[in-house]
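# Structural overview
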Amino acid sequence: MLNEVIVTGESGQWLYPILQAKLTNTKVSYIKDLATLFTKLTALATANTAFAFKGSRSAHMERGLLRLSQNIQTQCHKTACPKLIHCKECDEF
(Lines give C-alpha, C1' and ligand atoms only; values in the text may rest on other atoms or scores of the structure.)
Protein backbone atom coordinates (compact mmCIF):
# COMPACT_ATOMS: atom_id res chain seq x y z
CA MET A 1 0.00 0.00 0.00
CA LEU A 2 1.32 3.42 -0.95
CA ASN A 3 0.87 5.94 1.87
CA GLU A 4 2.74 8.95 0.59
CA VAL A 5 4.59 10.20 -2.48
CA ILE A 6 7.22 12.90 -2.05
CA VAL A 7 8.73 14.57 -5.09
CA THR A 8 11.66 16.98 -5.26
CA GLY A 9 13.73 18.94 -7.74
CA GLU A 10 12.79 20.45 -11.10
CA SER A 11 10.91 17.37 -12.27
CA GLY A 12 9.07 17.15 -8.97
CA GLN A 13 7.85 20.71 -9.41
CA TRP A 14 5.84 19.90 -12.55
CA LEU A 15 5.07 16.31 -11.50
CA TYR A 16 3.55 17.34 -8.16
CA PRO A 17 0.18 18.71 -9.45
CA ILE A 18 -0.20 15.77 -11.84
CA LEU A 19 0.33 13.21 -9.06
CA GLN A 20 -1.92 15.15 -6.72
CA ALA A 21 -4.74 14.97 -9.28
CA LYS A 22 -4.20 11.27 -10.08
CA LEU A 23 -3.45 9.85 -6.62
CA THR A 24 -6.56 11.06 -4.83
CA ASN A 25 -6.24 8.54 -1.96
CA THR A 26 -2.51 9.15 -1.38
CA LYS A 27 -0.76 12.09 0.27
CA VAL A 28 1.46 13.85 -2.28
CA SER A 29 4.10 16.37 -1.17
CA TYR A 30 6.67 18.54 -2.93
CA ILE A 31 9.91 19.34 -1.11
CA LYS A 32 12.22 21.86 -2.74
CA ASP A 33 15.64 20.77 -1.48
CA LEU A 34 17.38 17.50 -0.63
CA ALA A 35 18.40 18.50 2.89
CA THR A 36 14.74 18.99 3.83
CA LEU A 37 13.76 15.80 1.99
CA PHE A 38 16.30 13.68 3.88
CA THR A 39 15.28 15.23 7.21
CA LYS A 40 11.62 14.39 6.50
CA LEU A 41 12.46 10.82 5.44
CA THR A 42 14.52 10.31 8.59
CA ALA A 43 11.55 11.43 10.68
CA LEU A 44 9.22 9.04 8.80
CA ALA A 45 11.53 6.03 9.09
CA THR A 46 10.43 3.18 11.33
CA ALA A 47 11.18 -0.55 11.31
CA ASN A 48 8.07 -1.06 9.13
CA THR A 49 8.71 1.75 6.64
CA ALA A 50 9.73 1.08 3.06
CA PHE A 51 11.11 3.80 0.81
CA ALA A 52 11.50 3.76 -2.96
CA PHE A 53 13.93 6.23 -4.53
CA LYS A 54 13.81 7.29 -8.16
CA GLY A 55 16.22 9.78 -9.59
CA SER A 56 18.65 10.27 -12.42
CA ARG A 57 22.27 9.29 -11.88
CA SER A 58 23.12 12.96 -11.38
CA ALA A 59 20.59 13.19 -8.53
CA HIS A 60 22.71 10.80 -6.43
CA MET A 61 19.73 9.54 -4.45
CA GLU A 62 22.03 7.05 -2.68
CA ARG A 63 22.63 9.92 -0.25
CA GLY A 64 19.15 9.26 1.10
CA LEU A 65 19.77 5.53 1.32
CA LEU A 66 23.06 6.08 3.14
CA ARG A 67 21.41 8.41 5.61
CA LEU A 68 18.45 6.12 6.29
CA SER A 69 20.18 2.74 6.30
CA GLN A 70 23.54 3.60 7.89
CA ASN A 71 22.84 7.00 9.51
CA ILE A 72 25.60 8.55 7.39
CA GLN A 73 25.17 12.30 6.98
CA THR A 74 26.34 13.73 3.67
CA GLN A 75 27.63 17.26 3.39
CA CYS A 76 26.66 17.56 -0.26
CA HIS A 77 23.12 18.77 -0.92
CA LYS A 78 23.42 19.41 -4.65
CA THR A 79 20.23 18.85 -6.59
CA ALA A 80 22.24 17.61 -9.57
CA CYS A 81 25.85 16.51 -9.74
CA PRO A 82 28.08 16.24 -12.81
CA LYS A 83 30.23 13.56 -11.12
CA LEU A 84 29.12 10.09 -12.16
CA ILE A 85 30.67 8.37 -9.16
CA HIS A 86 29.22 6.92 -5.97
CA CYS A 87 28.80 9.55 -3.27
CA LYS A 88 31.15 7.66 -0.92
CA GLU A 89 33.95 8.17 -3.47
CA CYS A 90 33.44 11.95 -3.64
CA ASP A 91 35.60 14.46 -1.78
CA GLU A 92 32.47 16.51 -1.02
CA PHE A 93 30.88 13.58 0.84
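Please read these numbers as outputs of a predicted model, since none were measured by experiment.

### Comments concerning the pairing of strand β1 (residues 4-8)
- The side-chain alternation of β1 yields one buried face, formed by V5 and V7, and one unburied face, formed by E4, I6 and T8.
- By the bridge criterion, five bridges tie β1 to strand β2 (residues 27-31) in an arrangement that is parallel. Opposite V5, over in β2, you have V28 as the bridge partner.
- As a crossover connection, the stretch from β1 through helix α1 (residues 9-22) into β2 is right-handed.

### Focus: the environment of H86
- Residue position: H86 is located in the segment after α3 (62-70).
- On the basis of relative accessible area, H86 is assigned to the partly exposed category, the value being 34%.
- For H86 and R63, which are 23 residues apart along the polypeptide, the C-alpha to C-alpha distance reads 9.2 Å.
- Discounting residues that sit within four places of it in the chain, H86 has contacts with E62 and L66.

### A closer look at the packing of helix α2 (residues 34-44) against α3
- Their axes nearest at 10 Å, the elements α2 and α3 cross at an angle of 35 degrees. Judged by the sense of rotation from one axis to the other, the crossing of α2 with α3 is right-handed. Counting all contacts with α2, which are made through L34, A35, F38, T39, L41 and T42, the residues of α3 involved are R63, G64, R67 and L68.
- Per-class residue counts for the contact of α2 with α3 are five nonpolar, three polar and two charged.

### So, the side chain of T26
- Locating T26 in the fold gives a position in the loop between α1 and β2.
- Overall, the relative accessible area of 16% leaves T26 in the buried class.
- If we ignore the near neighbours within four places in the chain, the residues touching T26 are L2, N3, E4 and V5.

### With respect to the pattern of salt bridges
- For the structure shown, the criterion picks out two salt bridges.
- The salt bridge involving K27 is made with E4; its shortest N-O contact spans 3.9 Å. Note that K27 is positioned in strand β2 and E4 in strand β1, a separation of 23 residues in sequence.
- With relative accessibility at 23%, the residue E4 sits in the partly exposed group.
- When the shortest N-O distance is used, the salt bridge between K40 and E4 registers 3.6 Å. Of this pair, K40 sits in helix α2 while E4 sits in strand β1, and the two are 36 residues apart along the sequence.

### Things to note about α3
- Every buried residue of α3 is accounted for by E62, R63, G64, L66 and R67.
- Elements in contact with the buried residues of α3: α2.
- Note on α3: the residue one or two positions beyond its end, N71, has a positive phi of about 55 degrees.

Scoring rules and cut-offs
- Residues numbered from 1 in each chain as written.
- Predicted model: local features only at pLDDT ≥ 70, side-chain atom pairs only at ≥ 80, totals over all residues.
- Heavy atoms only, no water.
- Buried < 20%, exposed > 50% of the residue type's maximum accessible area, 1.4 Å probe, protein only.
- Helix = DSSP H or I, 4+ residues; strand = E, 2+ residues; numbered from the N terminus.
- Pairing = 2+ DSSP bridges.
- Right-handed = clockwise from strand over helix to strand, strands pointing away.
- Contact = heavy atoms within 4.5 Å.
- Axes fitted to C-alpha atoms, helices over the stretch in contact; angles between N-to-C directions.
- Left-handed = near helix turned anticlockwise from the far one by under 90°.
- Nonpolar A, V, L, I, M, F, W, Y, C, P; charged D, E, K, R; others polar.
- Salt bridge = Lys/Arg side-chain N within 4 Å of Asp/Glu carboxyl O.

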